[in-house]
Amino acid sequence: MTGKRVAAEEEKKRIGDLLLEAGVVTQEQLDEALEEKNVRGGRLCFNLIRTGALKADDLLTFLSEQFGVAAVNLDHFQVPREVLERVPEEYARSEKVIPLHLLDNTLTVAMVDPGRGEVIEELERVTGLGIDPLIAPEASLVSALGKYYPAPGGADPAAGEGVLVLGEEKEEKHIYLATPPSEGYSSEDWLKRFFLQSIRRRSREIHLEPSELGLCARFRSGGKMVKGETVPGEVRKGLVNLALTLARIDGRSSAVSPMEGRMKVVVRKRGLPVTLSSFPTIHGERLVFKIMDEGLVGRGFQELGMSKAVADETRRILGMTSGVFLMNSPPGHGKRTTFYSILDQLRSEASRNIMTLEHPVQYPVPGISQTQVSFGQGVDFYHGLKSLMRQSPDVVGLSDISDCRTLELVFTAARECLVIGLCGFRDSREALEWLGSCRVNPKTQSDLLRGILVQRVVPRICSRCREKQDTPADLVEGIRDKNPEDLTFYTGVGCKACGQTGRAGWLGLYELLPMNFAVRDLIGRKTETQIVYDEALRQGMWSLQEDGIMKATQGLVDVRDVLESTRERGLDD
Ligand SMILES: [Zn+2]
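Not measured: the values here are computed from a predicted model.

**So, the confidence of the model for the protein chain**
Keep in mind that low pLDDT regions are not for reading the predicted coordinates in detail. Model confidence for the protein chain is summarised by a mean pLDDT of 81, while 83% of its residues fall at 70 or above. Across the protein chain, element-level confidence peaks in strand 11 (residues 323-328) with a mean pLDDT of 97 and bottoms out in helix 1 (residues 2-21) with 58. Low confidence marks residues 1-13, where pLDDT is under 50. Its contacts with residues over four positions away, or in another chain, come to five contacts. Scored below 50 in pLDDT, residues 151-159 makes 12 contacts in the model with residues more than four places away or belonging to other chains.

**Some details on the sheet that holds strand 3 (residues 130-135)**
Judged by pairing direction, the sheet is mixed, and its three strands sit side by side in the order 1-2-3 without closing on themselves. Two strands bound the open sheet, and with one partner strand each, they are strand 1 (97-103) and strand 3. On average, adjacent strands in this sheet sit at an angle of 30° to one another, irrespective of strand direction. Relative to strand 3, strand 2 (residues 106-111) is paired through six bridges, and the arrangement is parallel. Across the sheet, residue Met111 finds its bridge partner in strand 3, namely Ile135. Strand contacts of helix 7 (residues 117-127): strand 1, strand 2 and strand 3, with the helix running at about 135° to strand 3, the strand carrying the most contacts.

**Overview of the nonpolar core**
Grouped together as the largest cluster of nonpolar side chains are 114 residues, with contacts concentrated most on Ile98, Ala110 and Val419. Among the elements that line this core, the one with the most residues is strand 16 (residues 449-461), at seven residues. Counting contributing residues per domain, this core is built from domain 1 (3-138) and domain 3 (295-570), each supplying no fewer than three. Non-local contacts of Val419, meaning those with residues more than four positions away in its chain, are made with Val324, Val396, Leu398, Val410, Ala413 and Ala414. Leu191, Ala217, Val265 and Leu287 belong to the second-largest nonpolar core, a separate cluster that totals 29 residues.

**Things to note about the sheet that holds strand 14 (residues 395-398)**
An order of 13-12-14-15-11-16-19 is seen for the seven strands of this open sheet, with the pairing classed as mixed. For this open sheet the edge positions go to strand 13 (369-372) and strand 19 (503-514), each flanked by a neighbour on one side alone. Shown here is a sheet whose adjacent strand axes are inclined to one another by a mean of 20°, direction ignored. Taken together, the four bridges between strand 12 (residues 354-358) and strand 14 define a ladder with parallel strand orientation. From the neighbouring strand, Thr356 faces strand 14, where its bridge partner is Gly397.

**Focus on the packing of helix 20 (residues 517-524) against helix 21 (residues 529-538)**
For the pair helix 20 and helix 21, the least separation of the axes is 9 Å and the interaxial angle reads 175°. Classified by the interaxial angle, the pair formed by helix 20 and helix 21 is roughly antiparallel. From helix 20, Ala518, Val519, Leu522 and Ile523 reach across to helix 21, where they touch Ile531, Val532, Glu535 and Ala536. Among the residues making up the contact of helix 20 with helix 21, the classes are represented as seven nonpolar, no polar and one charged.

**Quick notes on the packing of helix 22 (residues 544-553) against helix 23 (residues 559-566)**
For any two helices packed against each other, the geometry comes down to the angle between their axes and how far apart the axes lie. Closest axis-to-axis distance for the helix 22/helix 23 pair is 9 Å, and the angle between their directions is 170°. As summarised for this structure, helix 22 and helix 23 are arranged roughly antiparallel, according to the angle between their axes. On the side of helix 22, the interface is formed by Leu544, Gln545, Gly548, Ile549 and Ala552, while helix 23 contributes Val559, Val562 and Thr566. Looking at the contact of helix 22 with helix 23 residue by residue, the class counts come to five nonpolar, three polar and no charged.

**Digging into helix 23**
When we look at burial in helix 23, the residues that qualify are Val559, Asp561, Val562, Ser565 and Thr566. The arc enclosing the buried residues of helix 23, seen along the axis, measures out at 160°, which places them on a common side.

**Digging into the environment of Ile523**
Relative to the elements of secondary structure, Ile523 occurs in helix 20. On the neighbour-count criterion, Ile523 (24 C-beta atoms within 10 Å) is buried. When the C-alpha atoms of Ile523 and Asp447 are compared, they prove to be 9.5 Å apart, with 76 residues separating the residues in sequence. In contact with Ile523, other than residues within four places in its own chain, are Pro442, Gln445, Ser446, Leu449 and Val532.

**Concerning the environment of Asp58**
Here Asp58 shows up in helix 4 (residues 56-67). C-alpha of Asp58 to C-alpha of Val24: the two residues are 34 residues apart in sequence and 8.7 Å apart in space.

**Description of unusual backbone geometry**
With phi around 50°, Lys96 is a residue other than glycine that occupies positive phi space. Here Lys96 shows up in the loop between helix 6 (89-95) and strand 1. For Lys96, a count of 17 C-beta atoms within 10 Å translates into the label partly exposed.

**Considering helix 21**
Looking at helix 21, one finds that the buried residues are Val532, Tyr533 and Ala536. Along the axis of helix 21, the buried positions cluster into a sector of 100°, meaning they face one direction only. Turned more than 90 degrees from where helix 21 packs its buried face, Gln530, Ile531 and Arg538 sit exposed. Lining the buried residues of helix 21 we find helix 18 (428-437), strand 19 and helix 20. Gly540 occupies a position one or two residues after helix 21 and carries a positive phi of about 115°.

Analysis parameters
- The residue count restarts for each chain, going from 1 along the sequence in the order it is written.
- Only residues with pLDDT of at least 70 are given local features in this predicted model, and only at 80 or more are side-chain atom pairs given and counted; all residues enter the totals for whole chains, interfaces and linings.
- The predictor rates its confidence in each residue with pLDDT, a number between 0 and 100.
- Segments assigned H or I by DSSP are reported as helices when at least four residues long, segments assigned E as strands when at least two residues long, and all are numbered from the N terminus.
- Any residue pair is listed as a contact if its two C-beta atoms, each placed from the backbone, are within 7 Å.
- Pairing between two strands is assigned when DSSP locates at least 2 bridges connecting them.
- Helix axes are fitted only over the stretch in contact, all axes being lines through C-alpha atoms; the angle between N-to-C directions runs from 0 to 180 degrees.
- One nonpolar core equals one set of buried Ala, Val, Leu, Ile, Met, Phe, Trp, Tyr and Cys residues connected by C-beta atoms within 7 Å.
- For the exposure call, what matters is how many other C-beta atoms sit within 10 Å of a residue's own: 20 or more marks it buried, 12 or fewer exposed, and in between partly exposed, using C-beta atoms placed from the backbone.
- Where each domain begins and ends follows an automated or database-derived domain assignment.
- We call two directions roughly parallel when the angle between them is under 35 degrees, roughly antiparallel when it is over 145, roughly perpendicular when it lies between 65 and 115, and oblique otherwise.
- Charged residues are taken to be Asp, Glu, Lys and Arg, nonpolar residues to be Ala, Val, Leu, Ile, Met, Phe, Trp, Tyr, Cys and Pro, and polar residues to be all remaining types, Gly included.
- Working note: the arc is built from the helix axis to C-beta atom directions.

Here it is as structure tokens:
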């Protein structure tokens, strides 16, 4: 015990010296923090943060750079039991380390300070494995220790996710039909009301934005934001606290950086996973809830809306051992659902090491190593991917590729594994233009790009009240070799089953730019994107709009919804 304390003293002094040498803190600040430490106890780093000399994020970045290892956010890391068992619980607790991943003979371990050689040596001895350290913030490590090694004899309050039960049909009606909300509405009533309103509007995103007036709700539905009610000032704080508690977000530390958490809502006995992201603004926490429909995730590609040709080509690409597959849609158009369906499909292949970096992890997929990036804590997609590549992945999923630096790294990584990345482009031309504007050379693109998938989601027509409608000939120019007058379109006129909306559920529209010989050749010669696109069409690719019009003639969707969501660029932006 004494030996350990001495080692700990040395370590504290060493971190202080390192910070001083690097000019991150001054001698004065260091002295002040040491004094504070003598009075109030705790680690030196913590006291540097407490005295304001250092921000938690800066410390993490510093340590990460100092030791050349990546930082990781453990909040949503799913560690398999057999990996946890590699490190004795008592040791994990006392040294604040958590094993995360085991590959070949290397164990990846999260720790507060990877500069502590004695801990790494001890871990190597205990486990008989090579140790690859990652940095994690202390608070996150402590909370993860609580989650993975619950205290005996009592449930750990930090473990698991909170559940909000929205109630049975009767109560449900009572809560969202009472307009305006009655006086005595509690914060829980408000939260339930927003979830029920969201589900009723078929929206998967609830935004609660703080202002002087209170907390204003907005719902995102089919890519559009719709204004909702405002929570009065007196209930607002309670609502934010309730939401943070349910999602297991520590409200005290969220003043510094955005935080993510997960919870569940139960409606009609069905549990829906929800992610909560909280972001500090000058008026208070801004909250975004995203509701995942678990029922959608496991669905086959064709159930999501892919044509057989697109589904087959997607499967062919997923079977490849290298290259880049880019999936695109504007926000709220379901690319994450497709992403998870792809992961779900891939996980059945136990022979491949599949890893993801996500922001946030919306849905845990068993059998896949998912890591949440946390910008506030210095883990971005670029550094995360760099570190992840040391794990020899066969397939890497990235929930967001938005800067050239990351894209360039993706193309480097794609020589060794298949990278599936999500981007926000509206169509494949935009995506191609972006590839050209980043420093990915045309030859590399031509060699490694496997396909660009673009999608939209549109409401499905309710099958109980579907009727033929007069062909809006002025709206549709015809499709391929068919004239508009030869096509039949449908709409939903509204019935009890669909709440008079004429719509029930969603369907994806897809366009997949395939990398056949002709297209690759054009890309390799740095051809204008429109020419590449036209060649793909000539080779048989269906455009997003054609895919939608085809689905409209099958009575699945209303052609007006298709046209609205697939309008050419320039009309609506
Ligand atoms: Zn209906």
